[in-house]
Amino acid sequence: MRIESTNEIRNWLRISWRRSREALGDNDSPTAAFVEERVTDSVLLRAARPVLAAMSAEIENEPVSLILTDNEGAVLSRDGGDSGLLKALDRVHLAPGFVYAESAVGTNGIGTALEVGAPILIDGSEHYAGPLQSFSCAGALITHPTSGALLGVIDLTTEARHANSLLLPFAKLAAHRIRERILDDASERERALLHSYHAACRRSGRPVIAIGEDVLMVNALAQEQFDSRDQAVIIERTRDTSGRAQPATLLADLPSGVTARLSYEPAIVNDRVAGGVIRIKETVRRSRGPRIAKDPDPPSIARMSALWRHTFRDVAESCRRREWLVLDGEPGTGKAALARAAHEHVTRGRALVVLDAARLGGKVLAQADAELEGGSDLLIRHADSLSDADLDALAHLLQPVREGSHAAESWIALTVRPGDVCSAFASFRLFPKTVTVPPLRHRAEDIPQLSRDLLRSIGADDVVLSAASLNQLARLRWPGNTAQLRSVLEELHRHHRRGLIEPHQLPPECKATTRRTLSKIETLERDAIVDALTLHEGDKAGAATALGISRATVYRKIREFGIRI
Ligand SMILES: Nc1ncnc2c1ncn2[C@@H]1O[C@H](COP(=O)(O)OP(=O)(O)OP(=O)(O)O)[C@@H](O)[C@H]1O
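These figures come from a predicted structure and were not determined experimentally.

## Description of the overall build of the chain
Logical step 1: Regarding its fold elements, the chain presents 20 helices and 17 strands.
Logical step 2: Scored against the burial criterion, the 565 residues of the chain give a buried share of 39%.
Logical step 3: Pairs at least 24 residues apart make up 65% of the contacts formed inside the chain by residues separated by at least 6 positions.

In structure tokens, the structure reads:
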């Protein structure tokens, strides 16, 4: 979008002020939030550093500062400017680490350029916040030259009394030079990777795959020998090495039943890893017979955070002891998936019959009876949806099984909502153990791996989430847990069949953010505020009263946690 005429600019300003008023109320001196975990290396920073160094030399001793931010308005660097200007900028926290999003500090050259998606000059009193009105800021967007992803903003700020009409053209020129530099860097890296790839293909005469930041190359031999599922696992496995400057040898168990030995060699240009070339050295067909190992490797579903591994171990242990089990947890946390995977892991192929009580209602009794008669293991999902009478009948059905001869045969697990313990079961002591499956927001570190697993399972093998997109997903609250993440990825796949997905391409429901990983306490605090706001249909005063905190605190927390309801 381009903003050309003065009228249009005024219009955008009016809208920007309205947004600022909604976000900040009457707060005339909002404080920019500080981000503790800052990005110190990125495509943008690498390309911008030399450009900004050269440009700040051109305007040496001028009262103008060049400010680079990421695509959420967090300041990454500040160059140039005389000491008076720098002191003034420090006073308004326009400094590295602080976030200049419009929602945080009101209309300004950085946040407003991001909001309107176009370069913009905000002059003196056009700023929303009083303390910013002594500055003039020109912000120009920096987009990735090939993917078009929004990377950040270059902003030129000076004191309003020095404002000059060249500020905005100069900001646009800086953005243009940074984009060109990104393109040069990328083609230099891609050339280095291509060179290593061709050399590996010639030397080895084997299947070869090369992976760079935006590039994937698969030679004809690799395409012939491995289907797309195998290729996806190989690529996934080599992600473990991404960015690694040392050669490495890895093993990968492929879905086709072979184990492949992968030899990784980094392609390096200017001391930086441009990508890696993977030669597939040999493959061995795995034995189909029963595994002899006492403690087989856990399945991929279990290879996640300590919290999730611990939960998996608990379920597997109950299954190993044939101890009947209740899995409770919020909707969509993966209770059934976990029970299935643990059962498969422990019994190595014994059938587990899954009955959904929410779908079958009272009919679940007759079906469970028939399956138990045959000695099957049983997973009854959504047991809490049964009526009290049906639950009672189920308890009476299960009690003789527990005490009878085939008790040792059948393993039974139920899934229920949190805290939904059925008194009939408790009185018969049918289910001695309950495992609580943690919500996704308590294991945000699992989101990258989980997203890749889910993308593969929905057939979106050609879709790759960028690191920034994964960070964005990891910051969300996920009330619908893994099931919601799955539906978000399905929605994404409907619009993007392949390629690298950047944050702006994620579905809208992924837009509420906090910039950092929250501590457990902060997560609980955020959840309480979200729950109160939802209950009060977004009314902040009502939520504040319900929580016993001030309205100002609710506003502050909404901004801090990036809550949008
Ligand atoms: N660790 C995981 N890896 C891959 N997919 C998963 C994982 N956990 C859950 N899923 C997928 O997420 C979705 C929801 O999981 P599941 O149905 O097991 O959740 P649930 O807690 O039993 O849900 P409900 O609220 O209906 O009881 C399913 O599509 C499942 O395959």
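## Some remarks on the sheet that holds strand 2 (residues 75-79)
Logical step 1: One open sheet holds the five strands; their spatial order is 2-1-5-4-3, and the pairing between them is antiparallel. With one partner strand each, in any of the chains shown, strand 2 and strand 3 (120-123) form the two edges of the open sheet. Shown here is a sheet whose adjacent strand axes are inclined to one another by a mean of 20°, direction ignored.
Logical step 2: In this structure, strand 1 (residues 64-70) lies alongside strand 2, joined through four bridges in antiparallel fashion. Note that in strand 2 the partner of Leu66 across the bridge is Asp79.
Logical step 3: Sitting on the sheet, helix 3 (residues 83-91) touches strand 1 and strand 5 (150-159), and the angle it makes with strand 5 is about 120°.
Logical step 4: Lying on the sheet, helix 6 (residues 167-204) is in contact with strand 1, strand 3, strand 4 (135-143) and strand 5; it crosses strand 4 at an angle near 25°.

## Here's the deal with the site of the ligand
Logical step 1: The environment of the ligand is formed by 18 residues, the closest being Pro331, Gly334, Lys335, Ala336 and Ala337.
Logical step 2: Only helix 10 (335-347), helix 15 (447-457) and helix 17 (481-495) provide two or more residues apiece to the shell around the ligand.
Logical step 3: Each residue belonging to the shell around the ligand can be placed in one class, and the counts come to seven nonpolar, seven polar and four charged.
Logical step 4: Residues lining the shell around the ligand come from more than one domain, with at least three contributed by each of domain 3 (300-436) and domain 4 (440-510).

## A closer look at the environment of Ala468
Logical step 1: Mapping Ala468 onto the fold places it in helix 16 (residues 467-474).
Logical step 2: Since 21 C-beta atoms lie within 10 Å of it, Ala468 is described here as buried.
Logical step 3: Once the C-alpha coordinates of Ala468 and Ile501 are considered, the two residues, 33 residues apart in sequence, prove to be 9.0 Å apart.
Logical step 4: When near neighbours in sequence (up to four residues on either side) are disregarded, Ala468 contacts Glu502 and Pro503.

## Some remarks on unusual backbone geometry
Logical step 1: A positive phi angle, close to 60°, is found at His93, a residue other than glycine.
Logical step 2: If you trace the backbone, His93 turns up in the loop between helix 3 and helix 4 (102-105).
Logical step 3: If you check the backbone angles, Asn481 has positive phi at about 55° while not being a glycine.
Logical step 4: Positionally, Asn481 belongs in helix 17.

## Comments concerning the nonpolar core
Logical step 1: If you look at the biggest cluster of nonpolar residues, it comprises 55 residues, and the most contacted ones within it are Tyr100, Ile154, Ala171, Ala174 and Ile178.
Logical step 2: Top element by residues in this core is helix 6. It accounts for nine residues.
Logical step 3: If near-sequence neighbours (up to four positions away) are discounted, Ala171 is found in contact with Pro119, Ala138, Gly139, Ala140, Ile154, Asp155 and Leu156.
Logical step 4: Within the second largest apolar cluster, 54 residues are counted, among which are Trp324, Leu327, Leu394 and Val488.

## What about the pairing of strand 13 (residues 377-381)?
Logical step 1: Burial of strand 13 is extensive: five of the five residues sit out of reach of the surface.
Logical step 2: Both strand 13 and strand 14 (residues 412-416) contribute to a ladder of three bridges, which runs parallel. By the bridge assignment, Ile380 is partnered in strand 14 with Leu414.

## Observations regarding the sheet that holds strand 12 (residues 352-356)
Logical step 1: Within the open sheet, the five strands sit side by side as 12-13-14-11-15. Their pairing is parallel. In the strand order of this sheet, the two ends are held by strand 12 and strand 15 (433-436), each with one partner. The mean inter-strand angle of the sheet, taken between neighbouring strand axes irrespective of direction, is 20°.
Logical step 2: Here strand 12 pairs with strand 13 via five bridges, running parallel.

## Digging into the confidence of the model for the chain
Logical step 1: This prediction gives the chain a mean pLDDT of 83; 88% of its residues lie at or above 70.
Logical step 2: This model gives residues 289-295 a pLDDT under 50, and the stretch forms three contacts once residues within four places in sequence are excluded.
Logical step 3: Interface predicted TM-score (ipTM) for the complex: 0.98; the corresponding pTM is 0.47.

## Here's the deal with helix 13 (residues 388-403)
Logical step 1: In this model helix 13 runs 23 Å from its N-terminal to its C-terminal C-alpha over 16 residues, within 8% of the 22 Å that 1.5 Å per residue would give.
Logical step 2: By the burial criterion, the buried members of helix 13 are Leu394, Leu398 and Val401. Seen along its axis, helix 13 keeps its buried residues to an arc of 45°; they face one direction. Every exposed residue of helix 13 that faces more than 90 degrees away from the buried side is listed here: Asp388, Ala389, His396, Pro400 and Glu403.
Logical step 3: Each element contacted by the buried residues of helix 13 is listed here: helix 12 (364-373) and strand 14.

## Remarks on helix 12
Quick reminder: α-helices carry 3.6 residues per turn. Residues three or four places apart thus point the same way.
Logical step 1: Along helix 12, the positions that sit buried rather than exposed are Val364, Ala368 and Leu372. Burial along helix 12 is one-sided: seen end-on, the buried residues are contained in an arc of 65°. Counted as exposed and oriented over 90 degrees from the buried face of helix 12: Ala366, Ala370 and Glu373.
Logical step 2: Among the structural elements, strand 12, helix 11 (357-360), strand 13 and helix 13 are those in contact with the buried residues of helix 12.
Logical step 3: One or two residues past the end of helix 12 sits Gly375, with phi positive at roughly 80°.

## Topic: the pairing of strand 4
Looking along a regular strand, one sees side chains alternate from face to face of the sheet.
Logical step 1: The element strand 4 is extensively covered by neighbouring structure, given that eight of its nine residues are classed as buried.
Logical step 2: As judged from the four bridges shared by strand 3 and strand 4, these two strands associate in the antiparallel manner. Looking at the pairing, Ile122 lines up with Cys137 of strand 4.
Logical step 3: Sheet topology note: the strand 4/strand 5 ladder contains nine bridges and is antiparallel. When the sheet's bridge partners are listed, Cys137 is paired in strand 5 with Thr157.

About the cut-offs
Within each chain, residues carry numbers counting from 1 in the order of the written sequence. Side-chain atom pairs in this predicted model are given and counted only at pLDDT of 80 or more, local residue features only at pLDDT of at least 70, and totals for whole chains, interfaces and linings cover all residues. Helix and strand labels come from DSSP, where a helix needs a run of H or I of at least four residues and a strand needs a run of E of at least two; each type is numbered from the N terminus. Here the C-beta atoms are placed from the backbone, and a residue counts as buried if at least 20 other C-beta atoms lie within 10 Å of its own, exposed if 12 or fewer do, and partly exposed otherwise. Residues are defined as contacting one another if the C-beta atoms placed from their backbone atoms lie within 7 Å. DSSP calls a pair of strands paired once it identifies at least 2 bridges connecting them. Between the N-to-C directions of two axes lies an angle of 0 to 180 degrees, each axis being a line fitted to C-alpha atoms and, for a helix, fitted only over the stretch in contact. Each residue receives a C-beta atom built from its backbone; the residue is near a molecule or strand if that atom lies within 6 Å of it. Residue classes follow a fixed rule: Ala, Val, Leu, Ile, Met, Phe, Trp, Tyr, Cys and Pro count as nonpolar, while Asp, Glu, Lys and Arg count as charged, and any other residue, Gly among them, counts as polar. What counts as a domain boundary in this text is fixed by an automatic or database domain assignment. Only buried residues count toward a nonpolar core: Ala, Val, Leu, Ile, Met, Phe, Trp, Tyr and Cys, linked into one set through C-beta atoms within 7 Å. Values of pLDDT, which run from 0 to 100, indicate the predictor's confidence residue by residue. For a helix, the expected span equals 1.5 Å multiplied by the number of residues minus one. Note that the arc is computed from the directions linking the helix axis to the C-beta atoms.

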